[in-house]
Amino acid sequence: MPDVARCELSLRELNQMWRLIEASAKMHCPAEARLLLPAMVATRTGFAHLEQALVANLVQEKVRHVLAELGTQARYAIDILVRNLYERTADVGFLATDPDLCRFVAGLDQDAGAARQRLADYRDKYTVYDQILLLDLAGRVLVQADPANPVGLSHDPLLAAALAADGYVETFRATDLRPGQPRALVYAHRMRHPDSGAPIGVLCLCFHFEQEMAAIFAAYRDPAQRANMLLLDAHDQVISSADPLWIPAGVRVPTNPDGQPRLLMFGGREYLVRTFSAAGYQGYPGPAGWKAQLMMPVELAFRAHGSQALAAVAPDLMQGLLSHAQAFSPALHELMGAVTRTTRTIERIVWNGKVTSAANHSAAGGSQLNTVLDQITDTGQRSDALFSHSIQDLYQTVLASSLSEAGMTAQLLVDLLDRNLYERANDCRWWAQSAALRAGLAQPAAPAGRAMAGVLDAINRLYTVYARLFVYDRSGRIVASSGGDDLVGHGIGADTLARVSALRSTLEHYPEPFGPSPFYGGQPTYTYHAAIRAAGGQVIGGIGCVLDAAPELRNMLHSGVAGRPRMHACFVTPQGQLLASTDPAHVPGAQLALAPALLAEAASNDGTSVTRILPHDGQYVIAACSRARGYREFRAAAGVEQAVLAVLLQAFGPVRSGAALPAPARVAIERLRDSGPDYAIFQVGASLMALRATHIQEALPFARVQRTASAAHPARIGMLDAALAGGRQHCVWVFDLALLVGGQAGVVTEHSQVMLVRHGDTVLGLLVDELHAVQPFDPADLTASPLDSAGAALAPRLIQANQGQLLIEELCLARLLARLRA
């Protein structure tokens, strides 16, 4: 962490400066500095503790940021894989019941060419498989989809396991079903005789594992390739590696499943590591023990990256967002508060010292004390600047991390959507080739309709992502549906019918744009259509698959933002029309009130997500948008699928008004001369005010005030136990100077101060916002205030500072006391 090392060096130099100032004060003005030295030692000690806390927080935040980024990539990678494999378990169970294939395996149909073509048709639609095989009870391969890699006989124990199992069997290892391959991910399922129900053989679906892992690595690995992404087995051995030349398959690697900040050694290098196991999906746990892991060498982990993402943020927007720092980094917010309190303490020490020096201006050590005080001021400002700069940089690191995570989450959401809709497009095209549905449409009688409804009900029981399935004839009239006959007799839209009738092959489908559907209770959804064809290829009708969009889309969105407070996600069109949202206030069909330029940029972006910091709905938010770019051949053809964006919004707090933002940096007052009376300058509301230093005893933090309600005077807000001349303790009343001067009560903050002022024998406290400076002004610099025409203003004169460019109101203590007594 080179920036942390530089910070440590600067902090050591400042610590030495504090020690030099102490030594200088002891040597040159010991009498005058004796009251300051204890406070200086306490301040130096306080800064030393803050230095340790700063470095510790810098290290912790940087490590946390890296581990969080690695963890996000690992979690999304394994989740995407498990969701994909869950679909395979449904596929093998459904295809094993295919009537045409079961008849062939049972020997009721001898047409091997037709069976081979049916498997090839299936693989053409479900391109995640590189081989499909049908085997008899003895392990003989009856037919396979890929004749380029022929298999005649298998002795794999997978076959016996599948015949004995009631469901699917999943294996990942070397198998004679895939000769020449070191391993294969195979899903096997028992097939039954269509008449007797007796076991007759086994269906094996061979998943295109290497291709799928390459796609996941490309999508979720660190683009800078500083880290390697791995898939591990239950024994922590590498199954697949994004960079096999770096970490090859088969080796065992250290893991970090609990995410603790620790360095792990592998191959002579130290790594930061994040490991995520499969969380399961819809009851499917994933292959036993599989997990995704990211490994980043520690020497690469902290190279600066991501700061460019904040370069275009407007300063006032960044200031407003950072005013909510407690929401996204409580530890750093507390540290910044401690630094500010220490800085205010230094300012008060110097201010009180200069007030004391002004009261004893002719004393021998006055000039030496002022020199020491100036050194304290300069070193305090340098310390504050170093702390503030380091913490602000770290705040920006936290925000850059949030931007990166939001962008990756938006990408995950559109990937989940595309992979889900890929399956829907495959389903409708495959089911349109069902012999039972083709035969039913060829015989438009009531029994045929009931038979088709039985087929649709059976499918719908297995594929619960659909609300309804229905079949319609060439006129668009629905003749059968799952879930009852209430849709029978209704018609599909003329435009939909025309588009389905125009489909040129069994590889094409038509998705209706997301919108209200009469087949989904009038609610918006996707409906996927495919043409049903006669033996000669002519279209005789079609099948419609109505996605149960409300829970399906909502579950996808929740998977990205679950457990992350103040974060919402939604799917929208490029025009901002909502498809689904995790925010109940954003209903489907409504318009998302987000910057159109952001949506337009995301819609035209072919690369990564577009991320911004902006105000939205009265909140400062991180917004991330990602365009659905497709999966495999899904979305490969332009104009088929509706364009969709995923939008992620993470709120940090309400937009601040100008008055609620932190005060801007104080105005510097030029010191033009060393002659003339000394004035103590302080801030009251938006005004700079001054009082002759001889009237001031000292300043104290407002935290020492005992608040009291007083009917005697509305400006009297409490009392303070103060040390007066001769060491006597005395309680003095504290008044709100802002209310006395401007008529508006002052705002008490943790930085508020109380000035103890003297006039004759009277001592009272005045609440001010901030202490500024103590310096002399020539009587020629003072002029009458135009607000004192009646002779009653509490600030009858103005000090013209900075060559007349800055006006400071001089408070008249006599008039103030007179008004209070009145």
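Residues numbered from 1 in each chain as written. Predicted model: local features only at pLDDT ≥ 70, side-chain atom pairs only at ≥ 80, totals over all residues. Heavy atoms only, no water.

(A) Spotlight on empty space enclosed by the protein. Scanning all chains against the criterion turns up four cavities of 30 Å³ or more. In terms of lining residues, the largest cavity is bounded by Ile80, Arg83, Asn84, Glu87, Tyr281, Leu416, Arg419, Asn420, Glu423 and Met556. Looking at the lining of the largest cavity, the elements with two or more residues in it are helix H3 (37–95) and helix H12 (366–431). For the lining of the largest cavity, the residue count by class is four nonpolar, two polar and four charged. (1 Å grid on protein atoms, 1.4 Å probe; cavity = no way out; pocket = protein on both sides within 12 Å on 5 of 7 lines; lining within 4 Å. Points joined across faces, edges and corners; volume = space filled by probe spheres on them. Helix = DSSP H or I, 4+ residues; strand = E, 2+ residues; numbered from the N terminus. Nonpolar A, V, L, I, M, F, W, Y, C, P; charged D, E, K, R; others polar.)

(B) Examining the packing of helix H1 (residues 2–28) against H3 more closely. Two elements in contact, H1 and H3, have axes whose closest approach is 11 Å; the angle formed by their N-to-C orientations is 175°. It follows from the interaxial angle that H1 and H3 lie roughly antiparallel. For the contact of H1 with H3, the class distribution of residues is 15 nonpolar, two polar and eight charged. (Axes fitted to C-alpha atoms, helices over the stretch in contact; angles between N-to-C directions. Parallel < 35°, antiparallel > 145°, perpendicular 65-115°, else oblique.)

(C) Up close: the sheet that holds strand S15 (residues 539–547). What the five strands build is an open sheet, ordered S12-S11-S15-S14-S13; its pairing is antiparallel. Each end of this open sheet is capped by a strand with a single partner; those strands are strand S12 (478–481) and strand S13 (510–516). Taking each pair of neighbouring strands and ignoring which way they run, the sheet shows an average axis angle of 25°. Bridge count for strand S11 (residues 466–473) against S12 is three bridges, and the pairing is antiparallel. Looking at S12, one finds that tyrosine 472 is bridged to isoleucine 478. Contacts from helix H15 (residues 494–501) reach S11, S13, strand S14 (524–533) and S15 within the one sheet, and its direction differs from that of S13 by about 165°. (Pairing = 2+ DSSP bridges. Contact = heavy atoms within 4.5 Å.)

(D) Structural detail: the packing of aromatic side chains. In the structure shown here, the tally under the stated rule is 24 aromatic pairs. For the pair tryptophan 431 and tyrosine 463, a centre-to-centre distance of 5.1 Å together with 75° between the ring planes defines the contact as edge-to-face. Here the residue tryptophan 431 occupies a position in helix H12, and tyrosine 463 occupies one in the loop between helix H14 (446–462) and S11, the gap between them amounting to 32 residues. Judged on exposure class, the residue tryptophan 431 and its partner tyrosine 463 are both buried. (Phe/Tyr/Trp six-rings, centres within 6.5 Å; stacked < 30°, edge-to-face > 60°. Buried < 20%, exposed > 50% of the residue type's maximum accessible area, 1.4 Å probe, protein only.)

(E) Representation of the nonpolar core. One finds Trp431, Ile543 and Phe571 to be the most contacted residues of the largest nonpolar core, which totals 170 residues. Broken down by element, this core gets its largest block of residues, 26 residues, from H12. (Core = buried A, V, L, I, M, F, W, Y, C linked by side-chain atoms within 4.5 Å.)

(F) The pairing of strand S32 (residues 806–810), seen in detail. Every second residue of S32 is oriented toward a common face, the buried set being Leu806, Ile808 and Glu810 and the non-buried set Leu807 and Glu809. The hairpin formed by strand S31 (residues 797–801) and S32 contains four residues between the paired strands, and asparagine 802 there has a positive phi angle of roughly 50°.

(G) Representation of the pattern of salt bridges in the model. Tallied over the full model, the rule gives 33 salt bridges. Taking the shortest distance from any N to any O, the salt bridge between aspartate 136 and arginine 140 comes out at 3.0 Å. By relative accessible area, which is 12% here, aspartate 136 ends up buried. With relative accessibility at 48%, the residue arginine 140 sits in the partly exposed group. For the salt bridge of aspartate 156 with arginine 173, the shortest nitrogen-to-oxygen distance reads 2.6 Å. Remark: arginine 173 occurs in strand S3 (residues 169–173) and aspartate 156 occurs in the loop between strand S2 (141–144) and helix H6 (158–164); sequence separation between them is 17 residues. (Salt bridge = Lys/Arg side-chain N within 4 Å of Asp/Glu carboxyl O.)

(H) How the structure looks around the sheet that holds strand S24 (residues 706–707). With mixed pairing, the six strands of this open sheet are ordered in space as S23-S27-S28-S26-S25-S24. One side of each edge strand has no neighbouring strand; the edge strands of this open sheet are strand S23 (696–701) and S24. One ladder, built from seven bridges, connects strand S27 (residues 753–759) with strand S28 (residues 762–768); its direction is antiparallel. Each bridged residue has a counterpart across the sheet, and for valine 754 the counterpart in S28 is leucine 767. Running at roughly 170° to S23, helix H11 (residues 330–359) makes contact with S23 and S27 of the sheet.

(I) Quick look at the pairing of S2. Across three bridges, strand S1 (residues 129–136) lies against S2 in antiparallel orientation. Looking at the pairing, leucine 134 lines up with valine 143 of S2. In sequence, S1 turns back onto S2 through a hairpin of four residues, with glycine 139 there showing a positive phi of about 90°.

(J) Just unusual backbone geometry, in detail. Non-glycine residue glutamine 225 carries a positive phi angle of around 55°. By the element assignment, glutamine 225 lies in the loop between helix H7 (209–220) and strand S6 (228–232). For asparagine 802, which is not a glycine, the phi torsion comes out positive at approximately 50°. Relative to the assigned elements, asparagine 802 resides in the loop between S31 and S32. Exposure remark for asparagine 802: the relative accessible area of 13% places this residue in the buried category.

(K) Here's a closer look at helix H5 (residues 112–125). Counted at 1.5 Å a residue, the expected span for H5 with its 14 residues is 20 Å, and the 20 Å between its end C-alpha atoms agrees. Those residues of H5 that fall on the buried side of the exposure criterion are Ala115, Arg118, Leu119, Ala120, Asp121, Tyr122 and Lys125. (Expected span 1.5 Å × (residues − 1).)

(L) View of the environment of alanine 249. In this structure, alanine 249 sits in the loop between strand S7 (238–241) and strand S8 (264–266). Note: C-alpha distance between alanine 249 and leucine 230 (19 residues apart in sequence) is 8.8 Å.

(M) Layout of the state of the cysteines. Inspection of the entire model under this criterion finds zero disulfides. Here cysteine 204 stays unpaired: no disulfide links it, and the sulfur of cysteine 206, its closest cysteine neighbor, is 6.3 Å away. Residue classification places cysteine 204 among the buried residues on the basis of a relative accessible area of 0%. With no disulfide of its own, cysteine 625 lies 7.9 Å from the sulfur of cysteine 570, the closest cysteine sulfur. Taking relative accessible area as the criterion, cysteine 625 reaches 1% and is therefore assigned buried. (Disulfide = S-S within 2.5 Å.)

(N) Representation of the side chain of histidine 189. Structurally, the position occupied by histidine 189 is in strand S4 (residues 184–192). The residues touching histidine 189, leaving out its near neighbours within four places in the chain, are Val92, Gly93, Ala96, Ala162, Asp166, Gly167, Tyr168, Gly201, Val202 and Leu203.

Keep in mind these numbers describe shape, not what the thing actually does.
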